[in-house]
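So the chains spell out like this:
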Amino acid sequence: MHSPARRVAGMGSTIFAEMSALAVRTGAINLGQGFPDTDGPALILDSAVQAIRGGANQYAPGIGIPALRQAIARHQQRHYGIELDPDTQVTVTTGCTEAIAGALLGLVDPGDEVIVLEPSYDSYNAMIAFAGGVRRPVTLRAPDFRLDPAELAAAVSPRTRLLLLNSPHNPTGRVLDAGELGAVAEVAIEHDLLVVTDEVYEHLTFDGRAHVPISTLPGMAERTLTLSSAGKSYSVTGWKVGWATGPPELVAALTAAKQWLSYTSGAPLQPAVAAALDEAPDFPATLAVELQARRDELVAGLRGAGLATYSAQGTYFVTSDVADLGWSSGREFCLALPERAGVVAVPLEVFYDDPDGPGAGRHLVRWAFCKRPEVIADATRRLMAADLSNA
């Protein structure tokens, strides 16, 4: 029997695939995987249909069609005052997942150390491993999940090459504030580090908080590769249209790797995303207002069910701690939950190097609130009616 390559041995499937399959198998409400159950605005859907019928069905340029690259550049200028050359400082990717892969494969050599904020999205860890890099986690701890500047500085070594940032942060929902961003910038400049920043939830922030791209801080534009996508902002996660922006040499490094991954994708979806960015710029803000209300409903329901739950400053997700209910781990709780309550969540322990470390997340569980209000109401009714203890 032939064994897989060492780079994939032991990785298995993602926790999202595992828990979504559990939801399908049990007929449970899926509050695990972060995808909405409604489509984005009609404008973007109609634009895709028109592009298909208009013949945009063959290979797009590897870096993306000019109309989308130009729209992305306008988006960055309109929202953040960032000026970009769409021909050298923007490349289109197959979602932010491929952008992460391209960035790490294009910028990390074997043995280079990469600092990540944990709990960290699982594709980060996989792609650091694929690139031969060494992961150095800095833990965000409950209840506020703040970044500790001293721990960040202590994680840097002579082999550190890159800092992989994510804000608004999945899975904790933390939006890094000015002090935290300033600490990242200080460390990056002092040690001449590259920064790759995943900003897919950039428009989905709550309670008046604003997302600030770290590339806008002094000394950061020349060392920062910014990644985002249309999936979360426009509720079209299945389209997988993302992008990377930044200095030409960093964008070129990502593109050099990306050309051997998908090369190109989503030809009729690219003009539709361009239309959305230019013609429906207010949709994400409206969506954020709706999501804030759903967050509040879910948090109230989880707390009503006896779950110690932390709210979120952004993203699709809130986090609960199940330790006081007697569970040995979040995974144990999540595997029992479909039978107990007919609901599926995701355990956060898989997003830590050491889930039993100080302040880490062996007992943390993530819930997605990017669902229709009636789905959230049904899920919370089930949870409040169930016995969730393991005493």
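Residues numbered from 1 in each chain as written. Predicted model: local features only at pLDDT ≥ 70, side-chain atom pairs only at ≥ 80, totals over all residues. Heavy atoms only, no water.

Student: What exactly am I supposed to notice about the sheet that holds strand 3 (residues 113-118) here?
Tutor: Hydrogen bonds along the backbone pair up the strands of a sheet, which may run parallel or antiparallel. Spatial ordering of the open sheet is given by 2-8-7-6-5-3-4, a layout of 7 strands whose pairing is mixed. Taken across any chain shown, the strands that pair with only one partner, and hence form the sheet edges, are strand 2 (90-93) and strand 4 (134-139). Within this sheet the neighbouring strands show an average axis-to-axis angle of 20°, counted without direction. Judged from the 5 bridges that link them, strand 5 (residues 160-166) and strand 6 (residues 194-198) form a sheet pairing that is parallel. Looking across to strand 6, one finds that Leu-163 is bridged to Val-195. Contacts between helix 4 (residues 95-107) and the sheet are confined to strand 2, strand 5, strand 6, strand 7 (224-229) and strand 8 (242-245), with strand 7 contributing the most and set at about 160° to the helix. (Pairing = 2+ DSSP bridges. Helix = DSSP H or I, 4+ residues; strand = E, 2+ residues; numbered from the N terminus. Axes fitted to C-alpha atoms, helices over the stretch in contact; angles between N-to-C directions. Contact = heavy atoms within 4.5 Å.)

Student: Can you help me understand the state of the cysteines in this one?
Tutor: Among covalent bonds in proteins, the disulfide is the one between the sulfur atoms of two cysteines. Applying the stated criterion across every chain yields a total of 0 disulfides. In this model Cys-334 remains outside any disulfide bridge; the closest cysteine sulfur is found in Cys-370, 16 Å from its own. (Disulfide = S-S within 2.5 Å.)

Student: Would you mind going over the pattern of salt bridges with me for this structure?
Tutor: Opposite charge on two side chains lets them pair, provided their charged atoms get close. One pass over the structure, following the stated rule, counts 20 salt bridges. A salt bridge links Asp-177 to Arg-174, with the nearest nitrogen and oxygen atoms 3.3 Å apart. With a relative accessible area of 27%, Asp-177 lands in the partly exposed category. Residue class for Arg-174 comes out buried when judged on its relative accessible area of 7%. Residues joined in a network through salt bridges with shared partners are Arg-146, Arg-174, Asp-177 and Glu-180. (Salt bridge = Lys/Arg side-chain N within 4 Å of Asp/Glu carboxyl O. Buried < 20%, exposed > 50% of the residue type's maximum accessible area, 1.4 Å probe, protein only.)

Student: I'm lost on the sheet that holds strand 10 (residues 317-321) in this one. Help?
Tutor: Strand order in the open sheet formed by 4 strands is 9-10-13-12, with antiparallel pairing between adjacent strands. Whereas interior strands pair on both sides, the edge strands pair on one side only; in this sheet they are strand 9 (308-310) and strand 12 (346-347). Bridge count for strand 10 against strand 13 (residues 364-368) is 5 bridges, and the pairing is antiparallel. The partner of Thr-319 across the bridge, within strand 13, is Arg-366.

Student: Quick question: what am I supposed to make of the packing of aromatic side chains here?
Tutor: The geometry of two aromatic rings is summed up by the distance between their centres and the angle between their planes. Considering all chains together, one arrives at 9 aromatic pairs under this definition. Ring plane angle 15° and centroid distance 5.8 Å describe the contact between Tyr-234 and Phe-283, whose orientation is recorded as stacked. Separated by 49 residues along the polypeptide, Tyr-234 in the loop between strand 7 and strand 8 and Phe-283 in helix 10 (residues 283-304) bring together distant segments of the chain. Lying across the ring of Phe-317, Arg-366 places its NZ or CZ 3.5 Å from the centre. The ring centre of Phe-35 lies 3.9 Å from the NZ or CZ of Lys-371, which sits over that ring. (Phe/Tyr/Trp six-rings, centres within 6.5 Å; stacked < 30°, edge-to-face > 60°. Lys NZ or Arg CZ within 6 Å of the ring centre and 35° of its normal.)

Student: Help me out: how do you make sense of helix 4 in this one?
Tutor: In an α-helix, one full turn covers 3.6 residues, which means residues spaced three or four apart are oriented alike. Taking 1.5 Å of rise per residue, 13 residues should cover 18 Å, and helix 4 covers 19 Å from first to last C-alpha, within 8% of that figure. Burial runs high along helix 4: 10 of the 13 residues are buried. (Expected span 1.5 Å × (residues − 1).)

Student: Sorry, what's going on with the domain arrangement of the chain here?
Tutor: How big an interface is tends to be expressed through the accessible area that disappears when the partners come together. You can read the domains of the chain as domain 1 (6-40 + 283-385) and domain 2 (42-280). Computed from C-alpha atoms alone, the centre-to-centre distance between domain 1 and domain 2 is 24 Å. Taken residue by residue, the interface counts 37 residues in domain 1 and 42 residues in domain 2. Interface of domain 1 and domain 2: buried area, both sides summed, is about 3,300 Å²; carbon and sulfur atoms make up 59% of it. Together, Gln-313, Thr-315 and Phe-351 form the three largest contributors to the area buried by domain 1 at its contact with domain 2, with a combined 22%. The interface formed by domain 1 and domain 2 includes 2 salt bridges. (Domains from an automatic or database assignment. Buried area = accessible area lost by both parts, 1.4 Å probe.)

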